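# Descriptive structure summary
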Amino acid sequence: EAGVTQFPSHSVIEKGQTVTLRCDPISGHDNLYWYRRVMGKEIKFLLHFVKESKQDESGMPNNRFLAERTGGTYSTLKVQPAELEDSGVYFCASSQVISLGYTFGSGTRLTVV
Amino acid sequence: SQQGEEDPQALSIQEGENATMNCSYKTSINNLQWYRQNSGRGLVHLILIRSNEREKHSGRLRVTLDTSKKSSSLLITASRAADTASYFCATSSEAAGNKLTFGGGTRVLVKP
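Predicted model, so just to flag it, every value in this text is computed and none were measured.

About the criteria used
- Residues numbered from 1 in each chain as written.
- Chains lettered and ligands numbered in written order.
- Predicted model: local features only at pLDDT ≥ 70, side-chain atom pairs only at ≥ 80, totals over all residues.
- Heavy atoms only, no water.
- Helix = DSSP H or I, 4+ residues; strand = E, 2+ residues; numbered from the N terminus.
- Rg over C-alpha atoms; globule rule 2.2 N^0.38 Å.
- Buried < 20%, exposed > 50% of the residue type's maximum accessible area, 1.4 Å probe, protein only.
- Areas by Shrake-Rupley, 256 points an atom, 1.4 Å probe, with all protein chains shown as cover.
- Contact = heavy atoms within 4.5 Å.
- Buried area = accessible area lost by both parts, 1.4 Å probe.
- Salt bridge = Lys/Arg side-chain N within 4 Å of Asp/Glu carboxyl O.
- Polar contact = N/O pair within 3.5 Å; in protein donor to acceptor, adjacent residues only side chain to side chain.
- Pairing = 2+ DSSP bridges.
- Axes fitted to C-alpha atoms, helices over the stretch in contact; angles between N-to-C directions.
- Phe/Tyr/Trp six-rings, centres within 6.5 Å; stacked < 30°, edge-to-face > 60°.

## A few points about the overall build of chain A
Helices and strands together make up the secondary structure of chain A, namely zero helices and 11 strands. Listing the helices and strands of chain A from first to last along the sequence gives β-β-β-β-β-β-β-β-β-β-β. For a compact globule of 113 residues, the expected C-alpha radius of gyration is about 13 Å, and chain A comes in at 13 Å, within 12% of that figure. Considering only C-alpha atoms, chain A reaches an extent of 40 × 25 × 25 Å along its principal axes. Classification of the 113 residues of chain A by burial places 48% in the buried group. Surface exposure of chain A reaches about 5,500 Å², of which carbon and sulfur atoms provide 48%.

Rendered as structure tokens:
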């Protein structure tokens, strides 16, 4: 089966601009997660979708971040406007049965200059 | 301190040697997972150990879990240069919605 796909793999944008990251989970995986690792820090949870519903968005840092998963398939994470501290690697993961672990995508490296 | 702290932060060994890294956590968990990240790439799931398990093996990997001490260890035997990567432990609990809480990671360098 195809893995979790994220794109773009890299994005360099200027402060104040908007960026949209996309994640395509493994087909049939209802659970979709976003995580990020900012420079030198731990990988942190952002939010969790079950199908198209936001199950938990407690990790979203502020209202500049908007995640959607229309139709319960792929998900997008929009940052608007981007700030310097948003730079880092954004990971997406999906799971069919949570107790069996997750499959992560390769991540999107976001650099805000 | 953060949930899922790892020790050591960095490890340098010769090819063929064993590498051991530890992870400590603070709250009750349902399972603990180890992931590997090669430079610039995504997270690869290595192994999951449930809270009622004490030890698990997968190829050259051996994971232990001590829930009384809230700690886990990952042993990589007969290391290879390709094992050079960062290794992360992550805990999960139903009470926390099954989201993963990661440690800071251990950077492992295997010298040929």
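Structure's up, so let's keep going.
## Some remarks on the interface of chain A and chain B
Reports often express the size of an interface as the amount of accessible area lost when the parts come together. Listed per partner, the contact involves 20 residues of chain A and 22 residues of chain B. Carbon and sulfur atoms supply 54% of the area buried between chain A and chain B, which totals about 1,600 Å² over both sides. Its largest share of buried area at the contact with chain B, chain A owes to A:E42, A:I43 and A:Y102, together 32% of the area lost on that side. The interface formed by chain A and chain B holds one salt bridge in total. Its salt-bridge partner being B:K99, residue A:D56 comes within 3.0 Å of it at the nearest N-O pair. Scanning the region where chain A abuts chain B turns up four residue pairs in polar contact (both at pLDDT 80 or more). Broken down by element, the side of chain A that touches chain B gets its largest block of residues, four residues, from strand β5 (residues 43–50) of chain A.

## With respect to the pairing of strand β2 (residues 10–13) of chain A
Residue and element names in this part refer to chain A. Where burial is concerned, the two faces of β2 differ: the one with S11 and I13 is buried and the one with H10 and V12 is not. Relative to strand β11 (residues 108–112), β2 runs parallel, the two sharing four bridges. Bridge pairing in β11 links V12 to T111.

## Description of the sheet that holds strand β1 (residues 5–7) of chain B
Residue and element names in this part refer to chain B. Across the sheet, five strands lie side by side as β1-β3-β8-β7-β6; this open sheet has antiparallel pairing. The two strands at the open ends of the sheet, each matched to only one other strand, are β1 and β6 (55–58). When strand polarity is set aside, the average angle formed by the axes of neighbouring strands in this sheet is 20°. Judged from the four bridges that link them, β6 and strand β7 (residues 61–66) form a sheet pairing that is antiparallel. Looking at the pairing, H57 lines up with R62 of β7.

## Some details on the sheet that holds strand β7 (residues 65–68) of chain A
Residues and elements named next belong to chain A. The antiparallel open sheet is built from four strands, whose spatial order is β1-β3-β8-β7. The two strands at the open ends of the sheet, each matched to only one other strand, are β1 (5–7) and β7. Pairwise comparison of adjacent strand axes, ignoring direction, gives a mean angle of 15° for this sheet. Pairing between β1 and strand β3 (residues 19–24): three bridges, direction antiparallel. Along β3, the bridge assignment pairs Q6 with C23.

## Re the packing of aromatic side chains
Tallied over the entire structure, the rule returns 11 aromatic pairs over all chains. Summarising the aromatic geometry, the rings of A:F91 and A:F104 are spaced 6.3 Å apart at their centres and angled 85° between planes, so their arrangement reads as edge-to-face. Note that A:F91 is positioned in strand β9 (residues 88–95) and A:F104 in strand β10 (residues 103–104), a separation of 13 residues in sequence. Their ring planes at 75° and their centres at 6.1 Å tell us that A:F104 and B:F102 sit as a pair that is edge-to-face. Here A:F104 is found in strand β10, whereas its partner B:F102 is found in strand β10 (residues 101–102) on a different chain. Accessibility classification places A:F104 together with B:F102 in one group, the buried group. Here the aromatic cluster, defined as three or more aromatic residues joined through ring pairs, consists of A:Y33, A:Y35, A:F45, A:F91, A:Y102, A:F104, B:Y35, B:F88 and B:F102.

Geometric values such as these leave the question of function open.
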